[in-house]
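Listed below, chain by chain, are the residues.
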Amino acid sequence: MTLLIDGHSFHYEMENLCRVFYPHERIRVVYQPAEDETVIATSLQREEGRTLVTASYRAFVTRESRTRQVDNGHTDYEKECERQMAVALFEVLTTVRGFTPKWGILTGVRPVKLMRRLIAEEGSEEAAARYFMERLLVSEEKTRLSLHTVKAENVHLQKSRPDSFSLYISIPFCPTRCAYCSFVSVGIEKTFKLIPEYVRLLCREIEETGKIARDLHLRLETVYFGGGTPTTLTAGQLTMLLDAVREHFDLSTVREYTVEAGRPDTITREKLDALKAGGVTRVSINPQTMHDRVLSAIGRRHTAGQTVEAFRLARAAGFGNINMDLIAGLPADTAEGFADTLRQVLALGPESVTVHTLSLKRASDLNQSGEGAARTAGSRVTDMLQAAETLLGEAGLRPYYLYRQSRTLGNLENVGYSKPGFDGLYNVYIMDETHTILAVGAGAVTKLKEPGGPYIERIFNYKFPYEYNERFSALLEKKKKVYEFYGRYPTFGAGADGD
């Protein structure tokens, strides 16, 4: 497929919108007319007093086109031209493809953050909701979900301070790689020999990062071990890392300490006891589905029975805050099967449940294998998400954070649901980009947030464990950029030289 960009600079947004309707096709962006079987053309033509924006579709005998206009004196001319072009393209593609995405022309990861900003700009929730539905073409259902989530998040955002930060620790190892996975995670069968050195160096990076936080007088709010599957490590290795965090960070202000236990087949009582002793307050046990047939189809080597046993072990170890992750739209699953999974999970009584929509990233084995059934499951996934909202709501869980990814089935979303008092704070902070995230480990990305402002600067760690181990000294040099960043703000001047 070819996307023609003519007379405007909105290629990024137009390409993303095309991908909503064609999530698995390669989109070639051109700036001159091109011959192809399928051409989507977007153009801007400025005339006296007005500008015409046009979107058209041509494929074999099919033709479809829409033109909208913008007053040249519009107070936000560029933004309005982009919006009107997106609306025109949306109208063309909904006609051609025969379905209307519920998120309208929104393609960003953080619709809730946008809703929050619109409430401030438009002056009320009602006005912001009208903007979502009338100008961005978001469905009433998703607009309502966004408003509910804004209210839940606001409670936690108000508690973050200019000197607040969260700590993310990356453990990029898994027992096996799931078919849908595109994260920087590798099976321990191939990388087992890297783990001891990785853990040793990670303890050193934790030490150096703790020094930076102390020098800059930053206040730690949440700690999050993610991956990968952190419980791929042994109990002893987990204890080493937890001890390093306790030694080098002030945990007295921490309001949440999470470890993604993740795969039930990695969870043992010994590891859970190590987590509890290390100060962890929240664990995530992620079945994705409670049906063995579906687990086998996605390459998970555990059973639903192991999920139940892992959950009971966590309760016995004293964990009163357990999250469980599910994925809607997995191959071999059905709407009825997903509803049954929800009921089985709710019977265990977790404090929170996160419902993800399957995203077929290009790097995932499932996408590369051409799994056709999963690609055409949009309506089925819509039913699954509606079942989740209903069943979780009846059980007393309500949405507290939301985000979106590209190439999700049906262009749908991921939502965290929780019982009152059990929202995952790190999830809220990372999605809202509330405050700085100091991140350690392979593939981790430190996100430095301007105190009291919107600006964000990133520091990328090396992506793979072998790179992390081999180039560790250079990585520590990168970390000094944290001092440089905070040195721009007088409040954080102390310790800015890194001494």
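This is a predicted model, so every value here is computed, not measured. (Residues numbered from 1 in each chain as written. Predicted model: local features only at pLDDT ≥ 70, side-chain atom pairs only at ≥ 80, totals over all residues. Heavy atoms only, no water.)

*Asks:* I'm lost on the overall build of the protein chain in this one. Help?
*Replies:* Looking only at helices and strands, the protein chain has 19 helices and 18 strands in total. Here the C-alpha atoms of the protein chain give a radius of gyration of 24 Å, agreeing with the 23 Å that 2.2 N^0.38 yields for 499 residues. Based on the C-alpha atoms only, the size of the protein chain along its principal axes is roughly 70 × 55 × 45 Å. Taking all 499 residues of the protein chain together, 58% fall into the buried category. Counting contacts in the protein chain only where the partners sit at least 6 residues apart, residues at least 24 apart contribute 71% of the total. As presented, the protein chain carries roughly 20,800 Å² of accessible surface, and 49% of it is formed by carbon and sulfur atoms. Each charge sign in the protein chain was given a centre, from 63 positive and 64 negative side chains, and these centres are 2 Å apart. (Helix = DSSP H or I, 4+ residues; strand = E, 2+ residues; numbered from the N terminus. Rg over C-alpha atoms; globule rule 2.2 N^0.38 Å. Buried < 20%, exposed > 50% of the residue type's maximum accessible area, 1.4 Å probe, protein only. Contact = heavy atoms within 4.5 Å. Areas by Shrake-Rupley, 256 points an atom, 1.4 Å probe, with all protein chains shown as cover. Lys, Arg positive; Asp, Glu negative; His and termini not counted. Charge placed at Lys NZ, Arg CZ, Asp CG, Glu CD.)

*Asks:* Where do I start with the packing of helix α5 (residues 140-157) against helix α16 (residues 425-432) in this structure?
*Replies:* Packed helices, taken two at a time, are described by their axes: the angle between them and the distance between them. Packing of α5 against α16 leaves a shortest axis separation of 10 Å and a crossing angle of 100 degrees. One element, α5, and the other, α16, form an angle in the roughly perpendicular class. In this structure, α5 contributes Glu153, His156 and Leu157 to the contact, and α16 contributes Leu425, Val428, Tyr429 and Asp432. Looking at the contact of α5 with α16, its residues break down into four nonpolar, one polar and two charged. (Axes fitted to C-alpha atoms, helices over the stretch in contact; angles between N-to-C directions. Parallel < 35°, antiparallel > 145°, perpendicular 65-115°, else oblique. Nonpolar A, V, L, I, M, F, W, Y, C, P; charged D, E, K, R; others polar.)

*Asks:* What am I meant to see in the packing of aromatic side chains here?
*Replies:* Given two aromatic rings, their pairing is described by the distance between the two centres and the angle made by the two planes. Using the criterion set out here, one finds 16 aromatic pairs in the structure. Here the aromatic rings of Phe165 and Phe249 are separated by 6.3 Å at their centres, their planes lie at 40 degrees, and the arrangement is tilted. A residue pair is termed long-range when its members are at least 10 positions apart, and Phe165 in strand β6 (residues 164-171) and Phe249 in the loop between α8 (235-248) and β10 (256-262) qualify at 84 residues. The exposure class of Phe165 is buried, given its relative accessible area of 1%. Joined through ring pairs, the aromatic side chains of Phe173, Tyr198, Tyr468 and Phe472 make up one cluster. Positioned over the ring face of Tyr77 is Arg46, at 4.8 Å from the centre of the ring. Here Lys478 stacks its cationic end above the ring of Tyr462, 4.4 Å away from the centre of that ring. (Phe/Tyr/Trp six-rings, centres within 6.5 Å; stacked < 30°, edge-to-face > 60°. Lys NZ or Arg CZ within 6 Å of the ring centre and 35° of its normal.)

*Asks:* What should I look at first to understand the environment of Glu221 in this one?
*Replies:* The topology assignment puts Glu221 in strand β9 (residues 219-227). Along the chain, Glu221 and Thr253 lie 32 residues apart, while their C-alpha atoms are 6.1 Å from each other. Ignoring anything within four residues of it in the chain, the contact list for Glu221 reads Lys159, Ser164, Phe165, Ser166, Thr253, Val254, Arg255, Glu256, Tyr429 and His435.

*Asks:* Got a minute to help me understand the pattern of salt bridges in this structure?
*Replies:* Should the charged atoms of two oppositely charged side chains come close, the side chains can pair. Tallying each qualifying case throughout the model produces 31 salt bridges. The partner of Arg117 in a salt bridge is Glu121, with the nearest N and O atoms 3.4 Å apart. Here Arg117 pairs with Glu121, and both are found in helix α3 (residues 111-122), just four residues apart, close to one helical turn. (Salt bridge = Lys/Arg side-chain N within 4 Å of Asp/Glu carboxyl O.)

*Asks:* I tried to follow the packing of helix α7 (residues 195-215) against helix α18 (residues 472-479) on my own but got confused; where do I start?
*Replies:* In the contact formed by α7 and α18, the axes pass within 11 Å of each other and the chain directions differ by 15 degrees. Classified by the interaxial angle, the pair formed by α7 and α18 is roughly parallel. For α7 against α18, the interelement crossing comes out right-handed. The segment α7 lies against α18, with Leu201, Arg204, Glu205, Glu208, Thr209 and Ile212 engaging Phe472, Leu475, Leu476 and Lys479. Partitioning the contact of α7 with α18 into residue classes produces five nonpolar, one polar and four charged. (Left-handed = near helix turned anticlockwise from the far one by under 90°.)

*Asks:* Just checking my understanding: could you explain the state of the cysteines for this structure?
*Replies:* For the structure shown, the criterion picks out zero disulfides. Free of any disulfide, Cys81 has its nearest neighbouring cysteine sulfur in Cys18, separated by 18 Å. (Disulfide = S-S within 2.5 Å.)

*Asks:* Got a minute to help me understand the nonpolar core in this structure?
*Replies:* One finds Ile169 and Phe225 to be the most contacted residues of the largest nonpolar core, which totals 135 residues. Per-element tally for this core: the top contributor is helix α2 (residues 77-97), with ten residues. Not counting residues up to four positions away in its chain, the partners in contact with Ile169 are Leu202, Ile206, Val223, Tyr224, Phe225, Gly226, Val245 and Val440. With 16 residues, the next largest nonpolar core counts Leu425, Tyr426, Tyr429 and Ala439 among its residues. (Core = buried A, V, L, I, M, F, W, Y, C linked by side-chain atoms within 4.5 Å.)

*Asks:* Looking at this model, I keep getting lost on α7. Mind explaining?
*Replies:* In an α-helix, one turn spans 3.6 residues, which is why side chains three or four residues apart end up on the same side. Here α7 is 21 residues long and its end C-alpha atoms lie 30 Å apart, about the 30 Å a rise of 1.5 Å per residue gives. The positive-phi residue at the C-terminal boundary of α7 is His217, with phi of around 55 degrees. (Expected span 1.5 Å × (residues − 1).)

*Asks:* Help me understand the pairing of strand β15 (residues 413-418) in this model?
*Replies:* Each regular strand displays side chains that alternate between the two surfaces of the sheet. The element β15 is largely enclosed, with a buried count of six among its six residues. Examined bridge by bridge, strand β13 (residues 352-357) and β15 share four bridges and lie antiparallel to one another. Pairing of Val353 across the sheet is with Tyr417, part of β15. (Pairing = 2+ DSSP bridges.)

*Asks:* Quick question: what am I supposed to make of the sheet that holds strand β5 (residues 62-71) here?
*Replies:* Paired through backbone hydrogen bonds, the strands of a sheet run either parallel or antiparallel to each other. The strand order across the open sheet formed by five strands is β2-β1-β3-β4-β5, and the pairing between neighbours is mixed. The open sheet is flanked by β2 (28-30) and β5, the only strands paired with a single partner. Going from strand to strand, the sheet's axes swing by 15 degrees on average, the running direction of each strand aside. Sheet topology places strand β4 (residues 50-59) next to β5; ten bridges connect them, and they run antiparallel. Its bridge partner being in β5, Val53 is matched across the sheet by Arg68. Along the sheet, helix α1 (residues 11-21) contacts β1 (2-6), β2 and β3 (38-46); its crossing angle with β1, the most-contacted strand, is approximately 155 degrees. Helix-sheet contacts for α2 involve β3, β4 and β5, and the interaxial angle to β5 is about 160 degrees.

*Asks:* Teacher, can you tell me more about the confidence of the model for the protein chain here?
*Replies:* When pLDDT drops low, the exact placement of atoms in the prediction is not to be read closely. Mean pLDDT over the protein chain stands at 92; residues scoring 70 or higher make up 92%. Across residues 363-376, confidence stays below pLDDT 50; counting only partners more than four residues off in sequence or on other chains, it has 35 contacts. Per-residue pLDDT stays below 50 along residues 494-499; that stretch engages in twelve contacts with residues further than four places along the chain or on separate chains. (pLDDT = per-residue confidence, 0-100.)

*Asks:* Looking at this structure, I do not really get the pairing of strand β14 (residues 398-404). What am I missing?
*Replies:* For β14, the tally of buried residues reaches six of seven residues, placing the bulk of the element in the interior. Bridging between β14 and β15 involves six bridges; their strand directions are antiparallel. Pairing of Arg398 across the sheet is with Ser418, part of β15.

*Asks:* What am I meant to see in the environment of Cys174 here?
*Replies:* Tracing the backbone shows Cys174 in strand β7 (residues 173-174). Between the alpha carbons of Cys174 and Leu272 there is a distance of 17 Å; along the sequence they are 98 residues apart.

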